[in-house]
Amino acid sequence: MYEFSYKNVDSVSAAVEAMQAADDGKFLAGGQTMLPTMKHRLASPSDIIDLGGIDELKGISVNAGTVTIGAMTTHGEVAASADVQNAIPALAKLAGNIGDPAVRNRGTIGGSIANNDPAADYPSAVIALGATVKTNQREIAGDDFFTGMFETALAEDEIIVSVSFPVAESAAYMKFENPASRYAIVGVFVAKTGGSVRVAVTGATPCAHRALRIEEALNGELNSAAVDAAEIPVEKMNSDIHASAEYRAHLVKVMAKRAVEACV
Amino acid sequence: MMNISMTVNGSPVSGEVESRTLLVHFLREQLRLTGTHVGCDTSQCGACVIHVNGKSVKSCTMLAVQADGAEVTTIEGLADGAELHPMQQAFMDDHGLQCGFCTPGMIMSALDIVNRNGNDLDEETVRKELEGNICRCTGYHNIVKSVQAGAKAMGGNS
Ligand code: FES
Ligand code: FES
C-alpha cells in the first residue's frame, strides 16, 4: 500500500471540507473493499478521509413503514437488528450473508452501495425495495443510484447519510454465491408491495438492475412458474472464471424462482 | 507519522505509525505480539482475526490508526498465566490444530461466535460462522468439535 494522508473527522461537513481540500481523496467507510484494493495498489489515493468517527451516520430506525439505516451501520448490525428482522426479514438475512462474520463487523451499507461492486448484495435490495438514498446534498431514488460498473450517481464530495427502505408485504433474496468470497455470482431480490412485484438482479451483469422482463412475466403475482416466460439476454451477462454468460442467464431464472417461492 | 494509543489485552500501549500501517503489522512488529498471523492478502483466511471493541475483525483489513483509542484483544490476551482459556484448552484436547497457523484466528473467531450465539452451538452454526477462517491442515472436523466443546466449557459445563 502506498502512503497517504489520513484524516479522521467527526462530522459530515468536516468530511466534505477535507475531501475538497484533498488532491485525490477517498472516503473510507468500513474499508473491507477499499483497504484490500489499496493493498494491491489498484488504488492509491492521496488522502483517506475516515467516516468511522461520524456518529450521525450510524444507527437504524423504523417508522411509518420505512426502515432507515445509517450509512456507517455495519452488515453485522443490520443482520442482528430485531427492528430490521421484524420489518424486512429479507434485508436482515441479506446482510447476514455478506462476506464472513469479521467482514460484517466492519463493512457498511453505505460503503457497499457507494462502491457498487457488480457482485455486491445490497444494490439488489436498494432497487427491488424501491429504497431512497439520502446524501448530504439530496435524495436519490434507488432506481437512479447505480449507474454502471463501480459507478453511482454520487458526486466526488457527496456522502451517503442513510438509506430508507419502504417495508414490503413480502420480500426475499436468493444468491448463488462464490464459495470463496461469498460474493453473488447471481443474486435476485424480489419484493411485493401493494399490487406490484419488483425484481432486481445483481452479479449477472456489470451493474445491478431491475429485471423488467421478469417483472412483466410475473405481472404482479408471486407465481414462480411464470418466470419461465421471461427471456434473459445472454449477451448482456458477465462471463468470467466463475461462470459463463449462459450459466449466469440460467441462474437468474433459477434464483428468481426461488426468491418468488420464498416470498409466498 | 501519527501517534496512536489503544488498550491491548488490558494494557495501555502507544506507538508511532504510518497512515498505511495495518493493525496486524502494528501488533506484530511494534508490539511484538506475533500470535496474530497473516495468511493472505485478500481478507479471506482469517489468521489475523482479533477483537476490536469486543467484535471480531480481520486485523489485516484495518489500519492501525483506525484502532486509535480502541480496546483490542489478541490471542495473547486469553490465557490466565499458565492456565489456558477454555477455548484454547478445547483446541488442545480435541486436536483442533495441526500446524497451528490458523489457530489464533480460529480461536478469536470462535469466541466471537460464542458471544453472539451462546454456549450451546450446533455443528451447522459453527461451520457457517467459520466461513471467514481457512485451515489448510485439519479438514475442519476437529476444529468444529473444539469450538463446540470450548463453548460448552465457557458456559461452565464441559
Ligand atoms: S491475513 Fe487477514 S484475512 Fe488473511
Ligand atoms: S492447523 Fe495448519 S492451517 Fe490450520
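This structure is a prediction, so every number in the text was calculated from the model and none was measured. (Residues numbered from 1 in each chain as written. Chains lettered and ligands numbered in written order. Predicted model: local features only at pLDDT ≥ 70, side-chain atom pairs only at ≥ 80, totals over all residues. Heavy atoms only, no water.)

(A) Structural detail: the layout of surface pockets. Looking at the second largest pocket, its volume works out to about 540 Å³. Taken together, 24 residues line the second largest pocket, and the ones lying closest to its centre are Gly52, Lys58 and Arg106 of chain A together with Asn53 and Met62 of chain B. Taken together, the elements giving at least two residues each to the lining of the second largest pocket come down to β1 (5-8) of chain A together with β4 (55-58) of chain B. (1 Å grid on protein atoms, 1.4 Å probe; cavity = no way out; pocket = protein on both sides within 12 Å on 5 of 7 lines; lining within 4 Å. Points joined across faces, edges and corners; volume = space filled by probe spheres on them. Helix = DSSP H or I, 4+ residues; strand = E, 2+ residues; numbered from the N terminus.)

(B) Representation of the pairing of strand β6 (residues 132-135) of chain A. All names here are of chain A. On β6, burial follows the alternation: Val133 and Thr135 on one face are buried, whereas Thr132 and Lys134 on the facing-out side are not. Alignment of β6 against strand β7 (residues 139-141), held across three bridges, turns out to be antiparallel. If you follow Val133 over to β7, its bridge partner there is Ile140. Between the end of β6 and the start of β7, which pair antiparallel, lie three residues. Looking at chain direction, β6 and strand β10 (residues 160-166) are connected through four bridges and run antiparallel. Paired with Thr132 across the two strands is Ser164, which belongs to β10. (Buried < 20%, exposed > 50% of the residue type's maximum accessible area, 1.4 Å probe, protein only. Pairing = 2+ DSSP bridges.)

(C) A look at the pairing of strand β3 (residues 47-50) of chain A. Residue and element names in this part refer to chain A. Side-chain alternation along β3 places Asp47 and Ile49 on one buried face and Ile48 and Asp50 on a second face that is also buried. Relative to β3, β1 runs parallel, the two being bridged by four bridges. Paired with Ser5 across the strands is Asp47, a residue of β3. By the bridge criterion, four bridges tie strand β2 (residues 25-28) to β3 in an arrangement that is parallel. Note that in β3 the partner of Gly25 across the bridge is Asp47. In this fold, the crossover linking β2 to β3 by way of helix α2 (residues 34-39) has right-handed handedness. (Right-handed = clockwise from strand over helix to strand, strands pointing away.)

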